[in-house]
Amino acid sequence: LAGLACSLGIAKIGFHVDIIESRATWLQKGSAFGLAANARKALKELFHDPGSMDKMISKGILVQGMDSYLMVWGNVRDGLLEEVAKCPNISIHMGKTISSFDDV
């Protein structure tokens with residue numbers, strides 16, 4: 001999740017981002033976690049379409065008295081992937097690994 005969120009932020013300021021994912025396909029794995037108000041505010045800054053953010057949040061469960069949502073990891077990942085797909089300056093390379101790189 002952190003890599004997808006970072007790629008959106010970096011792309012938003014004009015850089016091209018290449019995401020390298022070692023798996024050939026995305027898995028429906030993951031746990032649930034709390035998404036607090038400050039995390040939602042940070043994500044809202046990254047989403048191009050506020051409606052997409054609302055759609056993702058609607059899949060969570062509001063924790064009464066906490067202003068937090070219980071979210072399934074895969075739903076958040078999928079919401080971030082939808083936003084990444086809208087960014088022309090982000091490329092995802094599935095089933096790839098990096099064994100070395102040259103610092104030029």
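Residues numbered from 1 in each chain as written. Predicted model: local features only at pLDDT ≥ 70, side-chain atom pairs only at ≥ 80, totals over all residues. Heavy atoms only, no water.

This paragraph deals with the sheet that holds strand 2 (residues 32-36). Strand order in the open sheet made by the three strands is 2-4-3, with antiparallel pairing throughout. A strand with exactly one partner marks an edge of an open sheet, and here the two such strands are strand 2 and strand 3 (61-63). Recorded for the sheet is a direction-independent mean angle of 35 degrees between the axes of neighbouring strands. Across three bridges, the pairing between strand 3 and strand 4 (residues 68-72) is antiparallel. (Pairing = 2+ DSSP bridges. Helix = DSSP H or I, 4+ residues; strand = E, 2+ residues; numbered from the N terminus. Axes fitted to C-alpha atoms, helices over the stretch in contact; angles between N-to-C directions.)

Relative to the helices and strands, Asn89 resides in the loop between helix 4 (73-85) and strand 5 (90-94). In this structure the C-alpha to C-alpha distance between Asn89 and Asn75, which are 14 residues apart in sequence, comes to 23 Å. Aside from chain neighbours lying at most four places away, what touches Asn89 is Ala11, Gly14, Phe15, His16 and Val17. Of the polar contacts made by the side chain of Asn89, one reaches the backbone oxygen of Phe15; its length is 2.8 Å. (Contact = heavy atoms within 4.5 Å. Polar contact = N/O pair within 3.5 Å; in protein donor to acceptor, adjacent residues only side chain to side chain.)

All right, on to the side chain of Ser52 then. Looking at the secondary structure, you find Ser52 in helix 3 (residues 50-57). Ser52 sits in the buried class, given a relative accessible area of 10%. Within the local environment of Ser52, its side chain forms a polar contact with the side chain of Glu83, the two groups lying 3.3 Å apart. When residues no more than four places from it in sequence are discounted, the contact partners of Ser52 are Phe47, Glu83 and Lys86. (Buried < 20%, exposed > 50% of the residue type's maximum accessible area, 1.4 Å probe, protein only.)

What follows concerns the layout of surface pockets. Within this model, the largest pocket holds a volume of roughly 170 Å³. Together, Leu1, Gly3, Leu4, Val17, Asp18, Ile19, Glu21, Trp26, Trp73 and Arg77 line the largest pocket. Counting only elements with at least two residues in the lining of the largest pocket, the list comes to helix 1 (2-12), strand 1 (17-21) and helix 4. Take the lining of the largest pocket: its biggest share by element is four residues, from strand 1. Partitioned by chemical class, the residues of the lining of the largest pocket number six nonpolar, one polar and three charged. (1 Å grid on protein atoms, 1.4 Å probe; cavity = no way out; pocket = protein on both sides within 12 Å on 5 of 7 lines; lining within 4 Å. Points joined across faces, edges and corners; volume = space filled by probe spheres on them. Nonpolar A, V, L, I, M, F, W, Y, C, P; charged D, E, K, R; others polar.)

On to helix 1, then. Among the residues of helix 1, Leu4, Ala5, Ser7, Leu8 and Ala11 are the ones counted as buried. End-on view of helix 1: buried residues confined to an arc of 160 degrees, all on one side of the axis. Of the surrounding secondary structure, the elements contacted by the buried residues of helix 1 are strand 1, helix 2 (37-46), helix 4 and strand 5. Residue Gly14 follows helix 1 closely and has a positive phi angle near 105 degrees. (Arc of directions from axis to C-beta.)

Another point: empty space enclosed by the protein. Across all of its chains, the model carries one cavity of 30 Å³ or more by this definition. Computed from the structure, the largest cavity encloses a volume of approximately 40 Å³. What lines the largest cavity is simply Ser52, Lys55, Met56, Lys59, Asn75, Gly79 and Glu82. Only helix 3 and helix 4 provide two or more residues apiece to the lining of the largest cavity. Considering only residue class, the lining of the largest cavity consists of one nonpolar, three polar and three charged.

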